[in-house]
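# Descriptive structure summary
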Amino acid sequence: MPDVPSVFTLIKVGFGPSSSHTMGPYFAARDFRGIVASGRIRGGRLRAVLLGSLALTGRGHLTDAAVAAGLSGCDLGADPVPPLPDVLAQVRAAGAVRVGGRTFRFNPDEDIVFDPSAGDLPHPNTLRFEVLGEDGRVLVSEEYRSLGGGAVAGGTFGEEGARKGRFTMTEVLRACRERGTDLVGFVRENERQLGLTDVDIDGRLAGLWQAMRDSIARGLRTPGVLPGALGLARRAPGLHAALQESDRALAFSREMDLASTYAIAAAEENAAGGRVVTAPTCGAAGVVPAVLRVLQETLEIPDEKVHDALLVAGLIGLAVAANASIAGAEVGCQGEVGTASAMAAAAACYLLGGDVEAQVDRAAETALEHYLGLTCDPVYGLVQIPCIERNGAAAVGALHAASLAVLCRGEDRISFDTAVAALAEVGRDMSPKYKETGLGGIAGRFREDRRGP
Ligand code: SF4
């Protein structure tokens, strides 16, 4: 029996700009706040130490603001999400936070330490929280790891966040054949085994699909400039308007353009710190919603069928998490946008009528294999360049992969499991420069060009 975690551990409502560098550190800070609240320390100073990738790209990813929000008790799960720069400014102005009825000094500018020098970390996204006494002694300390997609290990989370299950898609497909079920039936049964009722499952899927659609809708109607040093203008509203005006007969491929525009809309919402759905991460949050929306509009697919497609997408993402990684800091963007494209391709193939044994697996494999080696190189650590356009390209790639899988009936030479194993190997061999450090690739070249001759 394949050991498959719940798809709802992977696909969940969150907030941008990064699940590993914003959501994860926020959850860790909130957890540490709870530990301090339940302890007996009467006061002192709070300190957060960001290590590895969090130290190198944390400012662009608003990790400091997320940590300040978590330590101060701000609820980032609210809808709409409170703007993180405003939260940081409030905590800075207060110079202290109240925890469990006690006051702790906390100045984000001094007490959030970005330390890229520490080597030999348990994970590239490691962070530590401390309470210091008046004499500077560490009174309480907890270490956390932000594992990707918002999952966290350490503190009261223990190692549960690191649990990824043990399964391959080959095993899942075999189990489907033996039980005479399809992938949707398999995942639904697995969720029931994990304790959810059918009402729970359907309710969660409806909520996720609504949140995905909302992220696209907000992106399509919100003009302006994204936060951060790039001063990047949001493009989705203009792109969408141009597509509405263009003569359908002249469009090269209207569905492809729409998929790209929808993905960019949700990715811009993410970059602005808005409410998005991790699929599998925030940085890649535009791909799956865009593909599902364009197929629903084009083929008039009912919501219930789209919900089932989300289960297929989630299973594919879980397979990557179990056998490789979905964290850019561990394996580069192949694990984030590459995985998102594979998830979307599998979901699209399912909606297009692909059969379980060959086509869904083939669609996911076809999408993923073309992202192997993809670097994570966000300029200034912002989840904007190259991330936003990359979401658009991955949505188009997913539709292409699904079409190929449906049209080319027959056995594929490469299984999805093989592509995932290749992803893990490439990720291990990839230089740290290309793993969410801002040191290489587009980020590194951009910085060099800015420096000038
Ligand atoms: S390059 Fe890819 S993995 Fe890196 S921050 Fe952007 S979307 Fe995430």
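On a plain count of helices and strands, the chain comes out with 18 helices and nine strands. The globule rule puts the C-alpha radius of gyration for 453 residues at 22 Å, and the 22 Å found for the chain is close to it. C-alpha extents for the chain along the principal axes are approximately 70 × 55 × 40 Å. Put simply, of all contacts in the chain between residues at least 6 apart along the chain, 77% involve residues at least 24 apart.

Below, the discussion takes up the packing of helix α8 (residues 198–221) against helix α12 (residues 303–323). Close contact between α8 and α12 brings their axes to 9 Å; oriented N to C, the two are set at 95 degrees. Between α8 and α12, the interaxial angle falls into the category roughly perpendicular. Contact with α8, carried on its side by Asp-202, Leu-205, Ala-206, Leu-208 and Trp-209, involves Asp-303, Val-306, His-307 and Leu-310 of α12 and no other residues of that element. Taken together, the residues of the contact of α8 with α12 sort by class into six nonpolar, one polar and two charged.

This part is about the nonpolar core. The nonpolar side chains of a soluble globular protein tend to be buried, and buried together. One finds Val-287, Val-291, Ala-346, Ala-347 and Ala-348 to be the most contacted residues of the largest nonpolar core, which totals 143 residues. With 13 residues, α12 is the single largest residue contributor to this core. Here this core spans two domains, since at least three of its residues come from each of domain 1 (20–161) and domain 2 (164–448). The residues touching Val-291, leaving out its near neighbours within four places in the chain, are Ala-259, Ala-344, Ala-347, Ala-348, Ala-395, Ala-398 and Leu-399.

Here Ala-93 lies in helix α4 (residues 84–94). For Ala-93, a count of 7 C-beta atoms within 10 Å corresponds to the exposed category. Expressed as a C-alpha distance, the spacing of Ala-93 and Gly-34, which sit 59 residues apart in the sequence, is 23 Å.

A few words on the domain arrangement of the chain. One can read the domain layout of the chain as domain 1 (20–161) and domain 2 (164–448). Each of domain 1 and domain 2 has a C-alpha centre, and the two are 29 Å apart. Opposite the 22 residues of domain 1 that make contact, domain 2 presents 24 residues. Of all the secondary structure elements, the ones that give two or more residues to the side of domain 1 that touches domain 2 are α1 (19–38), α2 (53–57), α4 and β7 (138–148). Sorting elements by how many residues they give to the side of domain 1 that touches domain 2 places α2 first, with three residues. Of the residues contributing to the side of domain 1 that touches domain 2, the split by class is 10 nonpolar, 10 polar and two charged.

On to the site of the ligand, then. Around the ligand, the structure places 14 residues, and the nearest of them are Gly-283, Gly-328, Cys-333, Cys-376 and Cys-387. Here the shell around the ligand is built from residues that sort into eight nonpolar, two polar and four charged.

So, about helix α11 (residues 287–299). The first and last C-alpha atoms of α11 sit 18 Å apart over 13 residues, in line with the 18 Å expected at 1.5 Å per residue. Inspection of α11 places Val-287, Val-288, Pro-289, Ala-290, Val-291, Leu-292, Arg-293, Val-294 and Leu-295 among the buried residues, and these make up the whole buried set. In this structure, the buried side of α11 is in contact with α8, α10 (254–271), β9 (275–278), α12, α14 (337–351) and α16 (387–407). Positive backbone phi, approximately 55 degrees, marks Glu-300, located one or two places after α11.

Residues spaced three or four apart along an α-helix point in a common direction, a consequence of the helix completing one turn every 3.6 residues. Compared with the 28 Å implied by 1.5 Å per residue over 20 residues, the 27 Å span of α1 between its first and last C-alpha is a close match. The buried fraction of α1 is high, at 15 of 20 residues.

About the thresholds
Residues numbered from 1 in each chain as written. Predicted model: local features only at pLDDT ≥ 70, side-chain atom pairs only at ≥ 80, totals over all residues. Helix = DSSP H or I, 4+ residues; strand = E, 2+ residues; numbered from the N terminus. Rg over C-alpha atoms; globule rule 2.2 N^0.38 Å. Contact = placed C-beta atoms within 7 Å. Axes fitted to C-alpha atoms, helices over the stretch in contact; angles between N-to-C directions. Parallel < 35°, antiparallel > 145°, perpendicular 65-115°, else oblique. Nonpolar A, V, L, I, M, F, W, Y, C, P; charged D, E, K, R; others polar. Core = buried A, V, L, I, M, F, W, Y, C linked by C-beta atoms within 7 Å. Buried ≥ 20, exposed ≤ 12 C-beta atoms within 10 Å, placed from the backbone. Domains from an automatic or database assignment. Near = placed C-beta within 6 Å. Expected span 1.5 Å × (residues − 1).

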